[in-house]
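Listed below are the residues making up each chain.
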Amino acid sequence: QVQLVESGGGLVQAGGSLTLACTASGRTSGVYAMAWFRQAPGKEREFVAAISASGADTHYADSVKGRFTISRDDAENTVTVYLQMNNLKPEDTAVYHCAARRGVVSSWFYEYVYWGQGAQLTVAS
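Residues numbered from 1 in each chain as written. Predicted model: local features only at pLDDT ≥ 70, side-chain atom pairs only at ≥ 80, totals over all residues. Heavy atoms only, no water.

A. Structural context of the nonpolar core. Leu4, Met34, Trp36, Leu83, Met85 and Tyr96 are the most contacted members of the largest nonpolar core, which has 39 residues in total. Elements supplying a minimum of two residues to this core: strand S1 (2-7), strand S3 (18-26), strand S4 (32-39), strand S5 (46-51), strand S7 (68-74), strand S8 (79-85), strand S9 (94-102) and strand S11 (119-124). The greatest single-element share of this core, amounting to six residues, is contributed by S4. Dropping the residues within four chain positions of it, Leu83 is found in contact with Leu18, Thr19, Leu20, Trp36, Val48, Ala49, Phe68, Thr69, Ile70 and Tyr96. (Core = buried A, V, L, I, M, F, W, Y, C linked by side-chain atoms within 4.5 Å. Buried < 20%, exposed > 50% of the residue type's maximum accessible area, 1.4 Å probe, protein only. Helix = DSSP H or I, 4+ residues; strand = E, 2+ residues; numbered from the N terminus. Contact = heavy atoms within 4.5 Å.)

Following this line, the structure appears as structure tokens:
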């Protein structure tokens, strides 16, 4: 089992920056691709960014490309994934969820087995 806990959400003005973090604990000594998804009220869950187990391969949704950066820090018993968000827009407002899966990177939410509870990001105009 892998437990994921997000942190770093909050309220930010449009044009501002914020970094979300996701700490994975438990059986993290596997090969896990990690991703961020978001869900705004009344909308479906949306892929944001993903990073491979090695960190060498990253993928972004077109809506965040050039503004968001995903990275990871693998320690002995924990893995932390970051989402650096710049030039934030009101349409970025959502609950951001961290997810993990064994295997290659994917942008499909149903391929991720482990999920965090989510962190709220609100971007004020």
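B. Molecular detail of empty space enclosed by the protein. Following the criterion strictly, the structure yields one cavity of 30 Å³ or more and no others. When its volume is computed, the largest cavity comes out at roughly 50 Å³. Together, Val2, Ala24, Thr28, Tyr32, Met34, Arg72, Val79 and Ala100 line the largest cavity. Residues that form the lining of the largest cavity fall into these classes: six nonpolar, one polar and one charged. (1 Å grid on protein atoms, 1.4 Å probe; cavity = no way out; pocket = protein on both sides within 12 Å on 5 of 7 lines; lining within 4 Å. Points joined across faces, edges and corners; volume = space filled by probe spheres on them. Nonpolar A, V, L, I, M, F, W, Y, C, P; charged D, E, K, R; others polar.)

C. How the structure looks around the side chain of Arg67. Relative to the helices and strands, Arg67 resides in the loop between strand S6 (58-60) and S7. Side-chain polar atoms of Arg67 contact the side chain of Asp92, separated by 2.8 Å. Each residue touching Arg67, except ones within four places of it in the same chain, is listed here: Gln84, Met85, Asn86, Asn87, Leu88, Lys89 and Asp92. (Polar contact = N/O pair within 3.5 Å; in protein donor to acceptor, adjacent residues only side chain to side chain.)

D. A look at the environment of Asp62. Its place among the elements puts Asp62 in the loop between S6 and S7. In the structure, Asp62 is positioned 14 residues away from Val48 in sequence and 8.6 Å away in space, judged by C-alpha atoms. Polar contacts involving the side chain of Asp62 include one to the side chain of Lys65, which spans 3.2 Å.

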